[in-house]
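Breakdown of the fold
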Amino acid sequence: IPSLLWDTELPLVSSDSTPGQEDIQFSLPSLHLSLENNVYTYVNHFEPFALILEVREEGEEFEDYNPNLILVKVFKQSEKDEENFEGPIFIKVNQKEKIEDQLQVLADSIGVSLENLRIVRPEFSYSPTVFYPFNSPYGRDLKESEKYYLEDSSKSEEKDSFAMKAITREQQKLTLKLYILGEKEPVSFECSKKDTIGKLRELISQKYNIAIDQFKLMKGITNNWPTELKQDEKELSSIFTKEIWVEKGQPSKDGEESIQFFKFDPIAEVETEKPLFEMVINKKHLNSDVKIQVAKKLKEDNIADHDPKHIRLIEISNYRKGTTVYPDKLTFDLGYHSVNTKIGFQLMDKEEIKDERDDVFLMFARRFNPSTLTFGTLDDVVLTKKTKAEELRKFLQEKYQVESVALGKDSKKWGGVMSEYEVLDETKWDVSSETADSSVIWNWACEGDTIYWKDKSEKDIELSPEEKKKQEAEKKKRNQSKGGSYSYYRSKEEALKINTSDN
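Let me begin by describing the structure that accompanies this report. (Residues numbered from 1 in each chain as written. Predicted model: local features only at pLDDT ≥ 70, side-chain atom pairs only at ≥ 80, totals over all residues. Heavy atoms only, no water.)

**Details of the overall build of the protein**
Of the regular secondary structure elements, the protein holds nine helices and 23 strands. Buried residues in the protein amount to 37% of all 503 residues. Relative to all contacts within the protein whose residues are 6 or more apart in sequence, the contacts with residues 24 or more apart total 61%. Surface exposure of the protein reaches about 31,700 Å², of which carbon and sulfur atoms provide 47%. (Helix = DSSP H or I, 4+ residues; strand = E, 2+ residues; numbered from the N terminus. Buried < 20%, exposed > 50% of the residue type's maximum accessible area, 1.4 Å probe, protein only. Contact = heavy atoms within 4.5 Å. Areas by Shrake-Rupley, 256 points an atom, 1.4 Å probe, with all protein chains shown as cover.)

Laid out in structure tokens, this is it:
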């Protein structure tokens, strides 16, 4: 260990002269060590350990290593300012001695009697506590892993303890990493956990000479959960991060959110990956008011000139082609939950449903023509969580003027578009309790699912030999994809050669 550390050229001591290797001694206290082949092995994996470095002055001799000696980390009151503490300073105490004798060593280090010694100990996530004078028969051992603040109790009452105030100040210190206006490397910024977001905004404005209404504070950029810090009265201790991005733009007011809008296409297999635009929305506004903002933005950006009454606001699921309808007379925040919620808009040729309930959801109904192996129009159907299969069946029968409708669920379940052969091979028509007239659709289908339907009187197509080959090839491909990860990672089988010779 000495050779290893010596070769690293660490700054071992802060002095004008660097000691030679013969003037340095290392020891490992509080460890269970085994000596095997002249190599020390650490065998206790449950205790933190310390490597003691001792440097001898000229004319001094090293003391023999004593496993009962520990180094106690203490902070002493400054002679110039009793409100401040200096340290850490390491003081040797013998664990085999009485606790009173160990405490006397600490009292002597600051020049007070044991009666006037007060020791305050920081507590993680809690207020500091008085370690000595003892208030309990338990927890009276000095430990190397703890910090101890030593002070003269005759100079202050316990409630006005300088040590407690110093520890509290230290605990409230906060070092933030600020990314200023697009810079990739952060700068350190010192403040207090008690400072508010508004106070931080003022400090940044003063230090970097940026107008306070020309930047916004963001967190969660690196983990794809960007959130604007806009509640100025909140303390920094409640934001649970040390990384903050200072970005150009006017800060949002409380209740406002900068929302990205995506164009929603219910037929496309892949959703629009990039948003078409972004704008600030007041989450307390009605969805009908948000639609007016969307229509205005579409016109300003020359995307579309569309009546806001013919715009549908929907929430696009991140893991399926599913959506939730945002009814006109509900406020936006009842649906919108977080910055990771993708908000889509759909341009329609008719007025959107006027429904004040929050239990409405969007599904799709697509006609399958088995006689021609083709699909009809994809109908978007707004249902409630109490709608029964019988109601959907009647709706389709009336709209398409067919006598009887068979329903089948999208077997892909997690989104995408089924091929004609998939529907022909895998869709089960009216053979389960799910599609029975009395069944509630919400119990067996989710937002954004596609319900396929067909006219019961329509016969299946007679496939040609070429179509049958295509059907079998597609079916084989689907079965391989359903085989799980094993089918993707299975390696090619090869003969195993075993050498049985002695060599």
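**Examining the side chain of Lys291**
Mapped onto the fold, Lys291 is located in helix H5 (residues 287–300). A distance of 2.5 Å separates a polar atom in the side chain of Lys291 from a polar atom in the side chain of Asp328. (Polar contact = N/O pair within 3.5 Å; in protein donor to acceptor, adjacent residues only side chain to side chain.)

**Considering the sheet that holds strand E12 (residues 215–219)**
Spatially, E11-E10-E14-E12-E13 is the arrangement adopted by the five strands of the open sheet, whose pairing is mixed. Looking at which strands have only one partner, the edges of the open sheet turn out to be strand E11 (187–192) and strand E13 (227–229). Across the sheet, the axes of successive neighbouring strands diverge by a mean angle of 40°, strand direction being ignored. Bridge count for E12 against strand E14 (residues 243–248) is four bridges, and the pairing is antiparallel. Among the inter-strand pairings, Met218 is bridged to a residue of E14, identified as Trp245. On top of the sheet, helix H3 (residues 162–172) reaches strand E10 (173–180) and E11; it is set at about 20° to E10, its chief contact. Against the sheet, helix H4 (residues 197–208) engages E10, E11, E12, E13 and E14, with an angle of about 120° to E12. (Pairing = 2+ DSSP bridges. Axes fitted to C-alpha atoms, helices over the stretch in contact; angles between N-to-C directions.)

**Observations regarding the nonpolar core**
Counting 19 residues, the largest nonpolar core has Leu103, Leu106, Leu117 and Ile119 as its most contacted members. Among the elements of the structure, strand E5 (69–77), strand E6 (85–94), helix H2 (99–110), strand E7 (117–123), strand E8 (126–132) and strand E9 (147–152) are those that each provide at least two residues to this core. Here the element with the most residues in this core is H2; it accounts for four residues. Apart from the residues within four sequence positions on either side, Ile119 is in contact with Leu103, Leu106, Thr129, Val130, Phe131, Tyr132, Tyr148, Tyr149 and Leu150. (Core = buried A, V, L, I, M, F, W, Y, C linked by side-chain atoms within 4.5 Å.)

**A word on the sheet that holds E5**
Taken in spatial order, the five strands make up an open sheet running E6-E5-E9-E7-E8, and their pairing is mixed. Among the strands making up the open sheet, the edge pair consists of E6 and E8. The average angle at which neighbouring strand axes cross in this sheet is 35°, direction not considered. Note: E5 against E6, eight bridges, orientation antiparallel.

**Examining H5**
Between its terminal C-alpha atoms H5 stretches 20 Å, which fits the 20 Å expected from 14 residues at 1.5 Å a residue. Along H5, the residues classified as buried are Asn287, Val290, Lys291, Val294, Ala295 and Leu298. The arc enclosing the buried residues of H5, seen along the axis, measures out at 145°, which places them on a common side. In H5, the exposed positions angled more than 90 degrees off the buried face are occupied by Lys296 and Lys299. (Expected span 1.5 Å × (residues − 1). Arc of directions from axis to C-beta.)

**Here we look at the environment of Glu403**
Tracing the backbone through its elements, the reader meets Glu403 in the loop between helix H6 (389–400) and strand E22 (405–409). Spatially, the C-alpha atom of Glu403 lies 7.7 Å from that of Asp455, the residues being 52 residues apart in sequence.

**Describing the pairing of E5**
Pairing of E5 with E9 involves four bridges; the strand directions are parallel. Across the sheet, Lys73 pairs through a bridge with Lys147, a residue of E9.

**Brief notes about the packing of aromatic side chains**
Per the stated rule, a full pass over the model turns up 13 aromatic pairs. Between the aromatic rings of Phe75 and Tyr149, the centroid separation amounts to 4.7 Å while the plane-to-plane angle is 10°, which identifies the pairing as stacked. With a gap of 74 residues between them, Phe75 in strand E5 and Tyr149 in strand E9 connect regions that are remote in the sequence. A relative accessible area of 8% places Tyr149 in the buried class. (Phe/Tyr/Trp six-rings, centres within 6.5 Å; stacked < 30°, edge-to-face > 60°.)

**What to know about H4**
Over its twelve residues, H4 extends 16 Å from the first C-alpha to the last, a length consistent with the 16 Å expected when each residue adds 1.5 Å. Those residues of H4 lying buried are Ile197, Gly198, Leu200, Arg201, Ile204 and Ser205. For H4, the buried positions fall inside an angular range of 160° around the axis, keeping them on one side. Exposed side of H4, more than 90 degrees from the buried face: Gln206 and Lys207 are the residues found there. Those residues of H4 that are buried lie in contact with E10, E11, E12, E13 and E14. Just downstream of H4, Asn209 is the residue with a positive phi angle, here 55°.

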